[in-house]
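# Results of the structural survey
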Amino acid sequence: MNAHPGSEAKKYSILVVDDEEEILRGLCEALDDEYEVFSAASGEVGLEVLEREDIALVIADQVLPGMTGVEFLEKVIERKPTAIRMMLTGYADVASIVRAVNEGRIYRYIQKPWDPEELRLNVRRALESYGLASENVQLTAALAEANERLRQENLYLRREVERRYSFGNIIGGSPSMARVFDVMEKVAATSATLLITGETGTGKDLVARAIHYASPRKDARFVAQNCGALPDTLLESELFGHRRGAFTGAHQDKKGLFELAHGGTIFLDEIGETNPGMQVRLLRVLQDGEVRPLGASDTRKVDVRVIAATNRDLRKMVEEGDFREDLFYRLRVVELPLPPLRERREDIPTLAEHFLERAAERMGSGLRGFTHSAMNRLTAYPWPGNVRELENEIERVVALSGDASAVTADMLSESLRAVSRPSDASFPVEAPFEEWDLGRATDELKRRMIARALEEEGNKSRAAERLGIPRQSLQKMMKRLGM
Ligand SMILES: Nc1ncnc2c1ncn2[C@@H]1O[C@H](COP(=O)(O)OP(=O)(O)OP(=O)(O)O)[C@@H](O)[C@H]1O
Ligand SMILES: [Mg+2]
């Protein structure tokens, strides 16, 4: 027979302590079919056995030579607190037994003479709870270990996220991006409400996250909600939460994002898509720092930094009565406009290289760098979808590149290959001049314009035409400029 269900290998060990030979023998007979039984004639010997063996349960007589049964069990508690303790008692010394039971020193007492069947039943029950308790200890340890692993993993992921959204991962060496970084750095240290504007794909999302992870709020949550993506009631319940029964389908209370972001940042994307009712509610949060869940009668205080974003012209919407003026001013405590990519073409090569490197590594491609003509197309294209479009273009190229070693113009999409000149009226020379000598600066300007015209027009006649000078003048000028 097994010592206990579920374990074939191990029998529980029981220690019985009594100075009467006959009683020891009786206990052994009653128990040694099911358990490994050790016996001792005194508390002192009992303690030695306890040291040596893995004892699950101890039965001791109350009256022993030397130390008493209670003293012996006290020592058992010190040495092996998990062992279950039972006491044999010959005459009803009720008072001391009751105290021992109440103080938790013993699990149960057995009165002499005992019924072997009842004794076995009591021992079996006691050991069942012993088994559960030790399983509990093991599970608790395993859980603690799993928790610690999760905590480490969490820490690692948090660092990854922080790294991913660090300022360093936002690319831009152009003067207009330098202004963006400048504002970002300043506002990151504060909790000021911020409105990020810019065309689609200019990096509004990226910038919002970077600000959060550079701010003192970085250890609390960053939550984002696209205000254009949900019907009114759902958006309201997402942002402010709801009480059970507030509307059909609200089966239980739910916390809103404002509450979840307490101490952190909420990013309200496409703020221009909100309806008038939602605008009023947002105004209230910004003014009072309080939210009221749908269907609730009370409000809650929240400490949340608000970053809003839009690709629409909010000022114009205000003028046309489509956006509340008071909310507009509450949101744009600081306004951060992100320049479209075509207005900072000098960032295109760095961005393109960055996306190429990343995509090539991810897809295990050997693509490195761009040919001149490919890069020329990339910098000439107007990028209506801005950085996102550039990123997608590069990913597409890498995915379809086969075993090419550099990106060539014919690998680019149709729309890029079709570009022969910048489709906007931007001036062909963006890089700022370091030069203060007007003569030398003008020469440099001429050099750049001629180079650009030649590259885009393909031959000198058409380049001269584009520059508005005779062909001979162009030739002379090029010679003088050492081109
Ligand atoms: N300066 C940058 N450096 C590196 N990557 C950038 C930069 N700007 C944008 N990106 C990348 O371009 C993609 C689009 O950026 P993001 O989603 O932040 O744009 P958005 O302004 O929020 O666009 P939308 O208005 O369409 O939501 C993202 O993958 C982002 O990582
Ligand atoms: Mg976005």
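From a predicted model like this one, the values you see are computed outputs, not experimental measurements.

Tracing the backbone through its elements, the reader meets L88 in strand β4 (residues 84–89). Note on L88: relative accessible area 0%, which makes it buried. Sequence separation between L88 and D303 is 215 residues; the distance between their C-alpha atoms is 64 Å.

Quick look at the site of ligand 1 now. Looking at ligand 1, there are 17 residues lining it, with I171, T200, G201, K204 and E391 nearest. Between ligand 1 and G201 there is a distance of 2.8 Å, counted from an oxygen atom to a backbone nitrogen or oxygen. Here ligand 1 has 630 Å² of accessible area as a free molecule, and 87% of this is covered by the chains. Mapped onto the shell around ligand 1, the elements with two or more residues apiece are α7 (204–213), α13 (348–363) and α15 (386–399). Taken domain by domain, the makeup of the shell around ligand 1 includes at least three residues from each of domain 2 (167–339) and domain 3 (342–417).

According to the domain assignment, the chain contains domain 1 (13–135), domain 2 (167–339), domain 3 (342–417) and domain 4 (438–480). A separation of 33 Å is found between the C-alpha centroids of domain 2 and domain 3. The interface of domain 2 with domain 3 comprises 12 residues on the first partner and 12 residues on the second. Summing the contributions of domain 2 and of domain 3, the shared interface buries around 1,000 Å²; its carbon and sulfur component is 47%. Looking at the side of domain 2 facing domain 3, the largest losses of area belong to I171, E199 and G201, adding up to 48% of the total buried there. Counting the contacts that link domain 2 with domain 3 gives one salt bridge. A salt bridge links E199 to R342; its shortest N-O distance comes to 2.7 Å.

About the thresholds
Residues numbered from 1 in each chain as written. Chains lettered and ligands numbered in written order. Predicted model: local features only at pLDDT ≥ 70, side-chain atom pairs only at ≥ 80, totals over all residues. Heavy atoms only, no water. Helix = DSSP H or I, 4+ residues; strand = E, 2+ residues; numbered from the N terminus. Buried < 20%, exposed > 50% of the residue type's maximum accessible area, 1.4 Å probe, protein only. Near = heavy atom within 4 Å. Polar contact = N/O pair within 3.5 Å; in protein donor to acceptor, adjacent residues only side chain to side chain. Areas by Shrake-Rupley, 256 points an atom, 1.4 Å probe, with all protein chains shown as cover. Domains from an automatic or database assignment. Contact = heavy atoms within 4.5 Å. Buried area = accessible area lost by both parts, 1.4 Å probe. Salt bridge = Lys/Arg side-chain N within 4 Å of Asp/Glu carboxyl O.

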